[in-house]
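Each chain is listed here by its residues.
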Amino acid sequence: MAGNASCNRLTGSYRLTGEGLSFGQMAGTMRACEEPLSRQEAHFLELLQKTHRFEIGPEGRLVLHTPDGQSITARR
C-alpha cells in the first residue's frame, strides 16, 4: 500500500483475507510536521498498525477498524 499520512508519504505491505485486513511493516519519509499534524500523523499510523478488518461504508467510503473499536474512514 502507499499513501499520505498527513505530512509524510508511506508505503508498506498488507494482508487481505475476506473482511480481515492487516498492514505489515511501513516505511515513510521523515519530514518534520508542525503540531497538530504531527500528533494526527502519529495517531493515524498507530491505528493503521492495529487495523484488523475493514468495511465499505455509506457512500462507498473505506472504513478500517481496530480490535478496540477505533476506526479510520478514508474520504476523497
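These numbers were taken from a predicted model, which means no experiment stands behind them.

(A) Spotlight on the pattern of salt bridges. On inspection of all chains with the given rule, the structure shows four salt bridges. For the salt bridge of K50 with D68, the shortest nitrogen-to-oxygen distance reads 3.7 Å. With K50 in helix α1 (residues 37-50) and D68 in the loop between β5 (62-65) and β6 (71-74), this pair connects stretches of sequence that are 18 residues apart.

(B) The arrangement of the state of the cysteines in detail. Evaluation of the coordinates by the stated rule reveals one disulfide. The disulfide partner of C7 is C33, and the gap between their sulfur atoms is 2.3 Å. You can see C7 sitting in the loop between β1 (2-4) and β2 (9-17) and its partner C33 sitting in the loop between β3 (20-28) and α1, a full 26 residues away along the chain. With respect to class, C7 is no different from C33; both count as buried.

Conventions adopted
Residues numbered from 1 in each chain as written. Predicted model: local features only at pLDDT ≥ 70, side-chain atom pairs only at ≥ 80, totals over all residues. Heavy atoms only, no water. Salt bridge = Lys/Arg side-chain N within 4 Å of Asp/Glu carboxyl O. Helix = DSSP H or I, 4+ residues; strand = E, 2+ residues; numbered from the N terminus. Disulfide = S-S within 2.5 Å. Buried < 20%, exposed > 50% of the residue type's maximum accessible area, 1.4 Å probe, protein only.

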